[in-house]
Amino acid sequence: MAPTSITMKDIALALNVSVATVSRALSGSKSISEKRRKEIQDYAREHHFVSNFIAESLRNSKIKPVKLIGVIVPEFVHYYFSCVLSGIEAEASSRGYRIIVAQSNEEYEREVMICQSFYQNRVCGVILSMAKSTTDYAHFLDLQKKQLPIVFYDRICTGIDASRVVVDDYNAAFNAVTYLIGTGCRRIAFYGSDRKLEICKNRYNGYRDALLKARIPIDNSLIVMCDNRAEAEEKTPMLLSMENRPDAVFAINDDTAIGVLYSAKRCGLRVPEELSVCGFTNGSRATACDPMLTTIDQHGTALGREAASILIDQVEGTLPIDKPVKRIVKTRLIIRGTTRDNGSAAQI
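The sections below set out a description of the structure shown in this document. This structure is a prediction, so every number in the text was calculated from the model and none was measured.

1. Notes on the pairing of strand β5 (residues 163-167)
- Of all five residues in β5, five are buried, a share of seventy percent or more.
- Burial along β5 is two-sided: Ser163, Val165 and Val167 facing one way and Arg164 and Val166 facing the other are all buried.
- Where strand β4 (residues 150-153) and β5 come together, three bridges link them in parallel fashion. Bridging from a neighbouring strand, phenylalanine 152 pairs with arginine 164 of β5.

What follows is the structure, given as structure tokens:
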């Protein structure tokens, strides 16, 4: 667990000096004796003090401090996260706030450092989607203890009670798989990641329950641990070479679905006549492939605006910080060329 940051006030109390003395010592002022200056600087370094450069730059300015929101994105490359970010920025800007954005790269340690940095630079709240590798939530709890509002989106942390905005993953998956069944598909594969992640668990449960409702048994040979295009292109040929191969694939995101689509075409299968493919995102790539991808529209921009609205309301006191808000954004199934049309495009 990463060390907790300290303030100049903490240093002053520990060394029985004034905050002004600490400030002068840390800035290297010659008005403080060399011995005292070194004592304060050593203590600050040992206790991981980091200067709040935003506050320092504004201290003697007539400009009002910027109302700043910290946003953590797992990876910028995903279309969905860029849509969420666009929604957050639009809502924040309309209400007089700025955002500072950091990428966790799906790394726990980096996520911890970002949370520390946001606090040290006095953001008024944090909006984030958790990294895949995060299993220890102490850095989130630390922000809560410091009375900093947190709003999760997409990948939420079930280990703490915090505000969150998500799409209805379970119903979206349930209705999409039900649609595939309605077109005549019976051997439907599921491509997803570790079900420790709430979104994957919910999408898998929706897939499973749709099959069970249609009295189609769960076949574990059709459950593939895969959530990106490269792995999909690597693993799909083996799945399609099975004697009783799948006739449809429901994938946890569009990139994975597109990997399945192109693997199927390379294997000589006709899509959707011999294999139907459904994704989850409705990013720009969904209409750039051939045939265009059937997928679930997550409405990322709307979700981002909702997350920013909740956070700002908590910052401004309209919503209490100690009563987490949990909201669900509806999704929509977009029927395109990778699935057969049964004449009833679903509104999820």
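Following the structure, the description resumes.
2. Side note on the pattern of salt bridges
- Tallied over the entire structure, the rule returns 19 salt bridges.
- Glutamate 198 is the salt-bridge partner of lysine 201, the closest N and O atoms lying 3.3 Å from each other. Of the two residues, lysine 201 and glutamate 198 are both situated in helix α9 (residues 198-213); the distance of three residues between them amounts to about one turn of the helix.
- Taking the shortest distance from any N to any O, the salt bridge between glutamate 233 and arginine 229 comes out at 2.7 Å. In this pair, glutamate 233 and arginine 229 are both assigned in helix α10 (residues 229-240), four residues apart and thus about one turn of the helix distant.
- Look at arginine 229 and you get partly exposed, because its relative accessible area is 36%.

3. Let's talk about the packing of helix α1 (residues 8-15) against helix α3 (residues 34-46)
- Running from N to C, α1 and α3 cross one another at 125°; their axes reach a closest spacing of 11 Å. Accordingly, the angle class assigned to the pair α1 and α3 is oblique. Relative to α3, α1 is oriented so that their crossing is right-handed. Touching Ile11, Ala14 and Leu15 of α1 are Arg36, Glu39, Ile40, Tyr43 and Ala44, all from α3.

4. Overview of the sheet that holds strand β9 (residues 276-278)
- Spatially, β7-β6-β8-β9 is the arrangement adopted by the four strands of the open sheet, whose pairing is parallel. Strands with a single pairing partner mark the edges of an open sheet, and in this sheet they are β7 (223-225) and β9. Geometrically, the sheet is characterised by an average inter-axis angle of 15° between neighbouring strands, direction not taken into account.
- Its contacts with the sheet place helix α8 (residues 169-182) against β6 (188-192), β8 (248-251) and β9, and it is angled at close to 170° to β8.

5. Focus on the layout of surface pockets
- Quantified by volume, the largest pocket comes out at close to 410 Å³.
- Lining the largest pocket we find 25 residues, and of these His78, Tyr80, Phe81, Asn253 and Thr281 sit closest to its centre.
- Counting residues per element, the ones that place at least two in the lining of the largest pocket are α5 (79-94), α9 and α11 (254-266).
- It is α5 that contributes the most residues to the lining of the largest pocket, three residues altogether.
- Residues belonging to the lining of the largest pocket are distributed by class as follows: eight nonpolar, eight polar and nine charged.

Rules behind the numbers
- Residues numbered from 1 in each chain as written.
- Predicted model: local features only at pLDDT ≥ 70, side-chain atom pairs only at ≥ 80, totals over all residues.
- Heavy atoms only, no water.
- Buried < 20%, exposed > 50% of the residue type's maximum accessible area, 1.4 Å probe, protein only.
- Helix = DSSP H or I, 4+ residues; strand = E, 2+ residues; numbered from the N terminus.
- Pairing = 2+ DSSP bridges.
- Salt bridge = Lys/Arg side-chain N within 4 Å of Asp/Glu carboxyl O.
- Axes fitted to C-alpha atoms, helices over the stretch in contact; angles between N-to-C directions.
- Parallel < 35°, antiparallel > 145°, perpendicular 65-115°, else oblique.
- Left-handed = near helix turned anticlockwise from the far one by under 90°.
- Contact = heavy atoms within 4.5 Å.
- 1 Å grid on protein atoms, 1.4 Å probe; cavity = no way out; pocket = protein on both sides within 12 Å on 5 of 7 lines; lining within 4 Å.
- Points joined across faces, edges and corners; volume = space filled by probe spheres on them.
- Nonpolar A, V, L, I, M, F, W, Y, C, P; charged D, E, K, R; others polar.

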